[in-house]
Amino acid sequence: MSAEFDIAETLDVKGASCPMPVVKTKSAIDGLAAGEVLEVLATDPGSMSDIDGWADGTEGVELVDQTEGDDVYTHYVRKTE
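Not measured: the values here are computed from a predicted model. (Residues numbered from 1 in each chain as written. Predicted model: local features only at pLDDT ≥ 70, side-chain atom pairs only at ≥ 80, totals over all residues. Heavy atoms only, no water.)

Any chance you could explain the packing of helix α1 (residues 20–30) against helix α2 (residues 47–56) here in plain terms?
Two numbers describe a pair of packed helices, the interaxial angle and the distance between the axes. For the pair α1 and α2, interaxial distance at closest approach is 10 Å and the crossing angle is 40°. With respect to α2, the element α1 is oriented oblique. The way α1 lies across α2 gives a crossing that is right-handed. For the pair formed by α1 and α2, the contact residues are Pro21, Val22, Thr25, Lys26 and Ile29 on the first element and Ser47, Asp50, Ile51 and Trp54 on the second. Of the residues belonging to the contact of α1 with α2, the class tally is five nonpolar, two polar and two charged. (Axes fitted to C-alpha atoms, helices over the stretch in contact; angles between N-to-C directions. Helix = DSSP H or I, 4+ residues; strand = E, 2+ residues; numbered from the N terminus. Parallel < 35°, antiparallel > 145°, perpendicular 65-115°, else oblique. Left-handed = near helix turned anticlockwise from the far one by under 90°. Contact = heavy atoms within 4.5 Å. Nonpolar A, V, L, I, M, F, W, Y, C, P; charged D, E, K, R; others polar.)

So, in structure tokens, the structure goes:
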């Protein structure tokens with residue numbers, strides 16, 4: 001796991017396909033405090049561009065990192081405000 005971020009919460013959306021990973025990520029981010037990082041575990045390859053695009057177009061969130069593992073895509077999203 002990455003030690004660069006202090007992960008506040010992990011959201012497991014493995015098995016879910018578009019748009020559920022983004023919908024659930026948004027919901028989980030809403031529950032975090034500013035500065036906290038949400039780790040999202042997904043199996044949908046489309047989540048790489050979906051979460052990137054969502055974070056890019058959404059105020060108050062920042063996509064800090066994305067990693068591609070064995071069939072699992074991990075996203076780190078920080079709530080900035």
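Right, picking up where we left off after that structure.
Even after reading the chapter, I still don't get the UniProt feature "domain: UPF0033" (unreviewed entry) in the chain, so can you show me in this structure?
The residues that UniProt annotates with the feature "domain: UPF0033" (unreviewed entry) are residues 11–35. In this annotation, residues 11–35 is assigned 44% helix and 12% strand; the end-to-end C-alpha distance for the span is 17 Å. (UniProt positions renumbered as here; feature names shortened; annotations may be inferred.)

Sorry, what's going on with the sheet that holds strand β1 (residues 7–13) here?
If you trace the four strands from one edge of the open sheet to the other, you get β1-β2-β4-β3, paired in mixed fashion. In this open sheet, the two strands that pair with only one neighbour each are β1 and β3 (61–68). Ignoring strand direction, the axes of neighbouring strands in this sheet form an average angle of 20°. Of the strand pairs in this sheet, β1 and strand β2 (residues 37–42) are connected by six bridges, and their pairing is parallel. Following the sheet pairing, isoleucine 7 is matched in β2 by valine 37. Strands β1, β2, β3 and β4 (73–79) of the sheet are contacted by α1, whose axis makes an angle of about 155° with β1. Sheet contacts for α2: β2, β3 and β4; angle to β3, the most-contacted strand, approximately 165°. (Pairing = 2+ DSSP bridges.)

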